[in-house]
Amino acid sequence: MPKEKRRISDTAIALIEETAKKTVALMFAERSQRPDDCYKQTIKRIKAIPVLQDRVNDNRARLENSGDAQQKSKSIVRFSAAGVRADPEEMLEAVRQTLEAHIAADQEEISIVTKAMEYVRNDFYYPAVYDGLILHHSDTEIAESLHCDESTVRRNRSRLIRTISVRLYGVEAL
């Protein structure tokens, strides 16, 4: 017997259309929140650069001094599983690899954000971003150095952060 063609009822079609419209509306509503999230994340990432640089320096120092570590060091003990006898050299190597991984991840983040900031480096108001977010200068100090009003500093910082945000996040930041 040949299969009968089933027709979708008008009610089912209306339900599908309504669901599709709601889904599209939710997608646009969700997308409209992303640029602000990207903007806020960009500020956090820029502010984190000096902290990450200090962390890289600290981890490098710890890595250099890891050969001097004693067997009862907290960093080595943390790799010791209960009831498992591990060679101290193996544990020390695990500590070194962990430190190297942290250094590489932190350096990658610094590199990505720095490269995105380079895109706006030649802008006259670049100090509003660099001096304000990394060096922690006040808007008053920045305005005095740029010979402009504080509101001009804030407005141009916002403009530059949005540009950096697009460099970091692409179309999601628009």
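Residues numbered from 1 in each chain as written. Predicted model: local features only at pLDDT ≥ 70, side-chain atom pairs only at ≥ 80, totals over all residues. Heavy atoms only, no water.

A. How the structure looks around the side chain of Arg45. Following the sequence through the fold, Arg45 ends up in helix 1 (residues 10-65). Discounting chain neighbours no more than four positions away, the residues touching Arg45 are Glu109, Ile112, Val113, Leu168 and Tyr169. (Helix = DSSP H or I, 4+ residues; strand = E, 2+ residues; numbered from the N terminus. Contact = heavy atoms within 4.5 Å.)

B. Highlighting unusual backbone geometry. Unusually for a residue other than glycine, His136 sits at a positive phi of about 60°. In this fold, His136 is placed in the loop between helix 4 (126-134) and helix 5 (139-146). Looking at His136, the relative accessible area reads 57%, which means it is exposed. The phi dihedral of His147 falls on the positive side, at around 55°, and the residue is not glycine. Here His147 shows up in the loop between helix 5 and helix 6 (150-169). (Buried < 20%, exposed > 50% of the residue type's maximum accessible area, 1.4 Å probe, protein only.)

C. Main features of helix 3 (residues 88-118). Spanning 31 residues, helix 3 covers 44 Å between terminal C-alpha atoms, matching the ideal 45 Å at 1.5 Å per step. Residues Met91, Leu92, Val95, Leu99, Ile103, Asp106, Ile110, Val113, Ala116 and Met117 constitute the buried set of helix 3. (Expected span 1.5 Å × (residues − 1).)

D. Representation of the pattern of salt bridges in the model. Counted by the stated rule, this structure contains 8 salt bridges. We note a salt bridge from Arg154 to Asp139, for which the minimum N-O separation is 3.7 Å. Residue Arg154 is located in helix 6, and its partner Asp139 is located in helix 5; the two are separated by 15 residues in the primary sequence. Taking the relative accessible area as the measure of exposure, Asp139 reaches 17% and is therefore buried. It is possible to trace a salt-bridge network through shared partners that takes in Asp139, Glu150, Arg154 and Arg157. (Salt bridge = Lys/Arg side-chain N within 4 Å of Asp/Glu carboxyl O.)

E. Geometry of the packing of aromatic side chains. Scanning the entire structure with this criterion turns up 2 aromatic pairs. Taking the centre distance of 5.0 Å and the plane angle of 90° together, the rings of Phe124 and Tyr125 count as edge-to-face. What makes Phe124 exposed here is its relative accessible area of 52%. Measuring from centroid to centroid gives 6.0 Å for Tyr126 and Tyr130, while their planes differ by 20°, and the two rings are stacked. Of this pair, Tyr126 and Tyr130 both sit in helix 4, 4 residues apart, which is roughly one turn of the helix. Taking the relative accessible area as the measure of exposure, Tyr126 reaches 9% and is therefore buried. Overall, Tyr130 belongs to the partly exposed group, its relative accessible area being 32%. (Phe/Tyr/Trp six-rings, centres within 6.5 Å; stacked < 30°, edge-to-face > 60°.)

F. Summary view of the packing of helix 5 against helix 6. At their nearest, the axes of helix 5 and helix 6 sit 8 Å apart, and the two run at 100° to each other. In terms of axis orientation, helix 5 runs roughly perpendicular to helix 6. Taken together, the residues of helix 6 that come into contact with helix 5 (itself represented by Asp139, Thr140, Ile142 and Ala143) are Glu150, Val153, Arg154 and Arg157. For the contact of helix 5 with helix 6, the class distribution of residues is 3 nonpolar, 1 polar and 4 charged. (Axes fitted to C-alpha atoms, helices over the stretch in contact; angles between N-to-C directions. Parallel < 35°, antiparallel > 145°, perpendicular 65-115°, else oblique. Nonpolar A, V, L, I, M, F, W, Y, C, P; charged D, E, K, R; others polar.)

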